[in-house]
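Summary of structural features
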Amino acid sequence: MDGVYINKVSEHEGSEVKIYGWVYNKTHKGKLYFLMVRDGTGMIQSVVFKGDVDEETFENAEKVTQESSVIVYGKIKEEKRAPGGYELQVTKLDIIQVAEEYPISPKEHGDSFLMDHRHLWLRSTRQHAILRVRHEIIRASREFFDNRDFVLVDTPIFTPSACEGTTTLFETDYFGRKAYLTQSGQLYAEAGAMAFGKVYTCSPAFRAEKSKTRRHLIEFWLIEPEVAFYDLEDNMKLAEEHIAYVVQSVLENRKNELEILERDTKILENSTPPYPRIHYDEAVKMLQDMGMDFAWGSDFGAPDETALTEKYDKPFFITHFPAEIKAFYMKRDKDRPECALACDMLAPEGYGEIIGGSQREDDLNELLSRIAEHKLPQEAFEWFLDLRRYGTVPHSGYGLGIERLLAWICKLPHVRETLPFPRMLHRLTP
Ligand code: NSS
């Protein structure tokens, strides 16, 4: 008899099955043991009745502890009151291992305790729900770009130069030369766009950011589309359609998970394009009108972004940031050269920036001046400058921070739960 996965038990109603899994919890009432068995695909209440099983099975039911690994045999019965709607009437229970006393019990634990036990915490219902939504975000994003004939371009992790400023670089030794962990695949995606027209990446990014906030990770994942012949407006249109597609996919395919997380989905359902586009000038005025001390030329801090998001009930863009506070590769607005053709997308409900993007500087001489202004080593960018020497075209792209989007979609208080094993300022283990 082959094992059956719990999410497929409805196909076996009335039949004898075998399930491999772990004991999530156990209760006892006279001649009955109720084992909640999980196998990663779901959970099933497994009822061991003394009168139905041999002595060994009943003793095993007595012996198993939380997270013991087991093989349960029995008949699948529809049971409306049981979680999942089915129950297993156990005929036999084999133990693979009786687990030692499990450190995570249903009682409340502190964040730091749970993070220290992240390798075990992953087995909880809430973590399953979050990480399944994460999977859906990546799956739907890839589907979105694949359906539009984008080519997936894998970009390197070891790089010779900075993409997003030199202050957050992780340096490493590359056979006697300096190399840096990538901050973004963008520069390589630009080369990809000049080769294939429409490309995207899905890759980890590393930033030595000394910020201990609820939205910063040291290692995070970026999805970065890059498109030849796209201007800033084309870029925003792509970004809003992308986010709307992903949100819709999560609503359709991860309904259960959103329920487990007790997510009110109204705002997600409302997140259909077009998303408002706010010029930086206007955003500054909005903050000043709210009584915040914010001067033109500054970058938005978390409290500023939070204040702005309170004005909107769907994601929105802030555009045309001061060039001074943005990366070297952004094209300037020809009518307002002090502004960059940049677009950040902010998520509502206080979440703030989830996407950073721009139209790229496509002129060789302008780009050379930018590299000099930012005091970047030109030699390291010679290959990138070649893209402007050989058939340069207007082009644009953006980077979506998967963890930021996931935190908003699930309304999580912190990005620490958005990755199986997050890397944060003070956390490198497990
Ligand atoms: O710095 S970004 O705003 N932009 C870029 O990296 C561009 N090179 C992307 C592009 O145009 N191809 O980062 C993009 C997004 C940002 O909006 C956040 O959602 C996320 O990456 N991000 C982070 N998430 C978690 N933790 C940290 N530290 C972090 N930094 C950026």
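Values in this document were obtained by computation on a predicted structure and should not be read as measured data. (Residues numbered from 1 in each chain as written. Predicted model: local features only at pLDDT ≥ 70, side-chain atom pairs only at ≥ 80, totals over all residues. Heavy atoms only, no water.)

Here we look at the site of the ligand
The environment of the ligand is made up of 23 residues, and the closest members are E164, Q186, E209, E224 and E353. In this structure, Q186 approaches the ligand through a side-chain N or O atom, which is 2.7 Å from a nitrogen atom. One of the backbone nitrogen or oxygen atoms of G356 is found 3.3 Å away from an oxygen atom of the ligand. Protein contact buries 94% of the 620 Å² of open area that the ligand shows by itself. (Near = heavy atom within 4 Å. Polar contact = N/O pair within 3.5 Å; in protein donor to acceptor, adjacent residues only side chain to side chain. Areas by Shrake-Rupley, 256 points an atom, 1.4 Å probe, with all protein chains shown as cover.)

A look at the sheet that holds strand 9 (residues 177-181)
Strands sit in the order 7-9-8 across an open sheet of 3 strands; the sheet is antiparallel. Every interior strand has two partners, whereas the edge strands, strand 7 (158-159) and strand 8 (171-174), have only one. (Pairing = 2+ DSSP bridges. Helix = DSSP H or I, 4+ residues; strand = E, 2+ residues; numbered from the N terminus.)

A look at a nonpolar patch on the surface
A surface patch of nonpolar side chains, about 390 Å² in accessible area, is lined by F158, Y174 and F175. Its place among the elements puts Y174 in strand 8. (Patch = residues over 30% accessible without salt bridge, like charges linked within 9 Å, V, L, I, M, F, W, Y side chains within 5 Å. Salt bridge = Lys/Arg side-chain N within 4 Å of Asp/Glu carboxyl O.)

Things to note about helix 13 (residues 402-410)
For helix 13, the tally of buried residues reaches 8 of 9 residues, placing the bulk of the element in the interior. Residues of helix 13 that are buried: I402, E403, L405, L406, A407, W408, I409 and C410. Among the residues trailing helix 13, K411 stands out with phi positive, at a value near 55°. (Buried < 20%, exposed > 50% of the residue type's maximum accessible area, 1.4 Å probe, protein only.)

Some words on the environment of I318
Mapped onto the secondary structure, I318 falls in strand 13 (residues 316-319). Since its relative accessible area comes to 0%, I318 is described here as buried. For the pair I318 and M345, spaced 27 residues apart in sequence, the C-alpha to C-alpha distance is 6.5 Å.

Concerning helix 5 (residues 186-196)
Along helix 5, the residues classified as buried are Q186, L187, A189, E190, G192 and A193. Buried residues along helix 5 sit in contact with strand 10 (198-206), strand 11 (219-228), helix 12 (382-389) and strand 16 (395-401). Phi turns positive, to about 90°, at G197, one or two residues after helix 5. (Contact = heavy atoms within 4.5 Å.)

Description of the domain arrangement of the protein chain
Taken as a whole, the protein chain is organised into domain 1 (6-97) and domain 2 (118-417). Using only C-alpha atoms to locate each centre, domain 1 and domain 2 end up separated by 46 Å. On the side of domain 2, 5 residues touch domain 1, which itself brings 7 residues to the contact. In this assembly, domain 1 packs against domain 2 so that about 420 Å² is buried in total across both faces, 37% of it on carbon and sulfur atoms. (Domains from an automatic or database assignment. Buried area = accessible area lost by both parts, 1.4 Å probe.)

Looking at the nonpolar core
Soluble globular proteins tend to bury their nonpolar side chains together. In this structure, I137, L405, W408 and I409 are the most contacted members of the largest nonpolar core, which totals 59 residues. Broken down by element, this core gets its largest block of residues, 10 residues, from helix 6 (residues 232-253). With near-sequence residues (within four places) excluded, L405 lies in contact with I137, I243, V246, I354 and L400. Within the second largest apolar cluster, 32 residues are counted, among which are C163, A283, M330 and L376. (Core = buried A, V, L, I, M, F, W, Y, C linked by side-chain atoms within 4.5 Å.)

Quick notes on the packing of helix 6 against helix 13
How two helices pack is summed up by the angle between their axes together with the distance between the axes. Two elements in contact, helix 6 and helix 13, have axes whose closest approach is 12 Å; the angle formed by their N-to-C orientations is 50°. One element, helix 6, and the other, helix 13, form an angle in the oblique class. Relative to helix 13, helix 6 is oriented so that their crossing is right-handed. Contacts between helix 6 and helix 13 involve I243, V246, V247 and V250 on the former and, on the latter, L405, W408 and I409. A breakdown of the residues in the contact of helix 6 with helix 13 according to their chemical character gives 7 nonpolar, no polar and no charged. (Axes fitted to C-alpha atoms, helices over the stretch in contact; angles between N-to-C directions. Parallel < 35°, antiparallel > 145°, perpendicular 65-115°, else oblique. Left-handed = near helix turned anticlockwise from the far one by under 90°. Nonpolar A, V, L, I, M, F, W, Y, C, P; charged D, E, K, R; others polar.)

A few points about the sheet that holds strand 4 (residues 69-78)
Sheet architecture is closed into a barrel: 5 strands sit in the order 1-2-3-5-4, paired in mixed fashion. Strand-to-strand twist of the sheet, defined as the mean angle between neighbouring strand axes without regard to direction, takes the value 50°. Where strand 3 (residues 43-49) and strand 5 (residues 86-97) come together, 3 bridges link them in parallel fashion. Bridge pairing links V47 to Q89 in strand 5.

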